[in-house]
Amino acid sequence: MVYRFKTKATGDVVMLEQNGKQLLEILGKDPNGPGILLVEQMPAAIEAIRAAVLKEEADFERRKQEAIEKGEYVPDPERVSLRTRVAPFLEMLEHCQRENAEVVWGV
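Per chain, residue numbering runs from 1 following the sequence as it is written. Side-chain atom pairs in this predicted model are given and counted only at pLDDT of 80 or more, local residue features only at pLDDT of at least 70, and totals for whole chains, interfaces and linings cover all residues. Side-chain metrics rest on all non-hydrogen atoms present in the structure, leaving aside hydrogens and water.

Caption draft 1: Expanded view of the overall build of the protein chain. For helices the rule is a DSSP run of H or I covering at least 4 residues; for strands it is a run of E covering at least 2, with both sets numbered from the N terminus onward. For the protein chain, the count of helices and strands is 3 helices and 4 strands. When its C-alpha atoms are laid out on the principal axes, the protein chain stretches across 50 × 30 × 20 Å. Three exposure classes are used, based on accessible area relative to the maximum for each residue type with a 1.4 Å probe and protein chains only: buried under 20%, partly exposed in between, and exposed over 50%. Relative to its 107 residues, the protein chain shows a buried fraction of 32%. Taking contacts inside the protein chain between residues at least 6 apart in sequence as the whole, the part at least 24 apart equals 64%. Areas reported as accessible are Shrake-Rupley estimates using a 1.4 Å probe. Residue values count occlusion only from the protein chains shown. For the protein chain, the accessible surface area stands at approximately 6,700 Å², while carbon and sulfur atoms represent 51% of it. Once the 15 positive and 19 negative side-chain charges of the protein chain are each reduced to a mean point, those two points are 2 Å apart. What makes two residues a contact is simply this: any of their non-hydrogen atoms within 4.5 Å. Positive charges come from Lys and Arg alone, negative charges from Asp and Glu alone, with His and the N- and C-terminal ends not counted. The atom standing in for a charge is NZ when the residue is Lys, CZ when it is Arg, CG when it is Asp and CD when it is Glu.

Caption draft 2: Molecular detail of the sheet that holds strand 2 (residues 13-16). Each pair of strands is called paired provided DSSP finds at least two bridges between the two strands. Ordered in space as 2-1-4-3, the 4 strands form an open sheet in which the pairing is antiparallel. Across the chains shown, the open sheet's two edge strands, defined by having one partner strand only, are strand 2 and strand 3 (35-37). Along the sheet, successive strands turn relative to each other by an average axial angle of 20°, direction set aside. Summarising the sheet, strand 1 (residues 2-6) and strand 4 (residues 103-105) pair through 2 bridges and their orientation is antiparallel. Paired with F5 across the strands is W105, a residue of strand 4. Orientation is described by axes fitted as lines to C-alpha atoms, over the contacting stretch for helices, and by angles from 0 to 180 degrees between their N-to-C directions.

Caption draft 3: Just the pairing of strand 1, in detail. Of the two faces of strand 1, the one holding Y3 and F5 is buried and the one holding V2, R4 and K6 is not buried anywhere. Where strand 1 and strand 2 come together, 4 bridges link them in antiparallel fashion. Within strand 2, the residue paired with F5 across the bridge is V13. Linking two consecutive strands that pair antiparallel, namely strand 1 and strand 2, is a turn of 6 residues.

Shape descriptors only; they carry no functional weight alone.
Okay, here's the thing in structure tokens:
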């Protein structure tokens, strides 16, 4: 399964199920059905995504430092981070704000 986020202002953003579900949970949206993100909700959505990215990066850095201190395996820095996975969606939201267009999914 994939999540397809659509808007009249940009091309679609497609995410694998795990990533789309994580994004919708960050936004406080139900990942099990169709939904809409209104223009007036976008500033809070952008802030929630950016906060989640910073938290993931801080958690990764903490785990890395703990592993180094214990002489254990260091987590892979080449993993696909949340920052990378959500970048197209953030660009979509920023563009939609300028164009006054909502984002929908699952429809």
